[in-house]
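Letter by letter, the chains look like this.
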Amino acid sequence: MSDPTPPERDESGRFIKVEDGPTPLGPDEMHPVARLLFGWVSAKATPAIFLWATIAICVALVLIDYGMNRHDYTEFANFNGFYAFWGFVAFALAVLSGWPLGQLLRRGEDYYGEGDDTPQNTGEEDAP
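None of the values given here were measured: they were computed from a predicted structure.

A. Expanded view of the overall build of the protein. A count of helical and extended segments in the protein gives 4 helices and 0 strands. Beginning at the N terminus, the succession of helices and strands in the protein can be written as α-α-α-α. Counting over 128 residues, the protein shows a buried share of 5%. By element, 65% of the accessible surface of the protein is carried by carbon and sulfur atoms, the whole surface being about 12600 Å².

Here you go:
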């Protein structure tokens, strides 16, 4: 009798990819629980809602700043919206400083060499 199961390895000892088992979901298919929890993320209006909510929160915080009575040591810090402006400038500086820092610290594209080792030319005969 012949064995109906396919072999795990080919003649050279490499594993053979077996296509048995459950098929993965396609890009348009989604698990029902995932659709329930995260389906709102794929809506076209979601990015706009987040953008406008962030803008509304920022405007509300600046308007609340008009009602605050601060007694700072420096005169320029008493202006309305100063801390919102200061926070924006500091965050922008931190983000924009990442590009020159990355250029300074990043390794070159050919740092590891040519990469001429492919699965076809790495065999047991090349091993020491």
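Moving on from the model shown.
B. Layout of the side chain of Thr46. Counting through the fold element by element, Thr46 comes out in helix H2 (residues 46-66). Once you skip the residues sitting within four places of it in the chain, Thr46 turns out to touch Trp40 and Val41.

C. Representation of the packing of helix H3 (residues 82-96) against helix H4 (residues 98-105) within the structure. One way to put it is that H3 packs onto H4 with a least axis distance of 5 Å and a crossing angle of 20 degrees. Comparing the axis directions of H3 and H4 gives the class roughly parallel. In contact with Ala94, Val95 and Leu96 of H3, H4 contributes Gly98, Trp99 and Pro100. Tallied by class, residues from the contact of H3 with H4 come to 5 nonpolar, 1 polar and no charged.

D. Layout of a nonpolar patch on the surface. The grouping of Val33, Leu36, Leu37, Phe38, Trp40, Val41 and Phe50 at the surface amounts to a nonpolar patch, some 780 Å² of accessible area in total. A total of 4 residues in the nonpolar patch trace back to one element, the largest contributor, which is helix H1 (residues 32-38). Turning to its location among the elements, Leu36 is positioned in helix H1. By relative accessible area, Leu36 is classed as exposed at 71%.

E. Looking closely at the packing of aromatic side chains. Applying the stated criterion across every chain, the model contains 3 aromatic pairs. Ring plane angle 40 degrees and centroid distance 6.2 Å describe the contact between Trp40 and Phe50, whose orientation is recorded as tilted. Of the two residues, Trp40 is situated in the loop between H1 and H2 and Phe50 in helix H2; the sequence distance between them amounts to 10 residues. Taking relative accessible area as the criterion, Trp40 reaches 48% and is therefore assigned partly exposed. An angle of 25 degrees between the planes, with centres 6.0 Å apart, marks the rings of Phe82 and Trp86 as stacked. Of the two residues, Phe82 and Trp86 are both situated in helix H3; the distance of 4 residues between them amounts to about one turn of the helix. For Trp86, a relative accessible area of 55% gives the class exposed. Each member of the aromatic cluster is reached from another via a ring pair, and the members are Phe82, Tyr83 and Trp86.

F. Looking closely at the side chain of Asp65. Summarising the element assignment, Asp65 is placed in helix H2. Residue contacts for Asp65: discarding those within four places in its chain leaves Arg70, Phe79, Asn80, Gly81 and Phe82.

G. Expanded view of the confidence of the model for the protein. Across the protein, pLDDT averages 79, with 74% of residues at or above 70. The secondary structure element of the protein with the lowest average pLDDT is H1, at 86, and the one with the highest is H2, at 91.

Basis of the calculations
Residues numbered from 1 in each chain as written. Predicted model: local features only at pLDDT ≥ 70, side-chain atom pairs only at ≥ 80, totals over all residues. Heavy atoms only, no water. Helix = DSSP H or I, 4+ residues; strand = E, 2+ residues; numbered from the N terminus. Buried < 20%, exposed > 50% of the residue type's maximum accessible area, 1.4 Å probe, protein only. Areas by Shrake-Rupley, 256 points an atom, 1.4 Å probe, with all protein chains shown as cover. Contact = heavy atoms within 4.5 Å. Axes fitted to C-alpha atoms, helices over the stretch in contact; angles between N-to-C directions. Parallel < 35°, antiparallel > 145°, perpendicular 65-115°, else oblique. Nonpolar A, V, L, I, M, F, W, Y, C, P; charged D, E, K, R; others polar. Patch = residues over 30% accessible without salt bridge, like charges linked within 9 Å, V, L, I, M, F, W, Y side chains within 5 Å. Salt bridge = Lys/Arg side-chain N within 4 Å of Asp/Glu carboxyl O. Phe/Tyr/Trp six-rings, centres within 6.5 Å; stacked < 30°, edge-to-face > 60°. pLDDT = per-residue confidence, 0-100.

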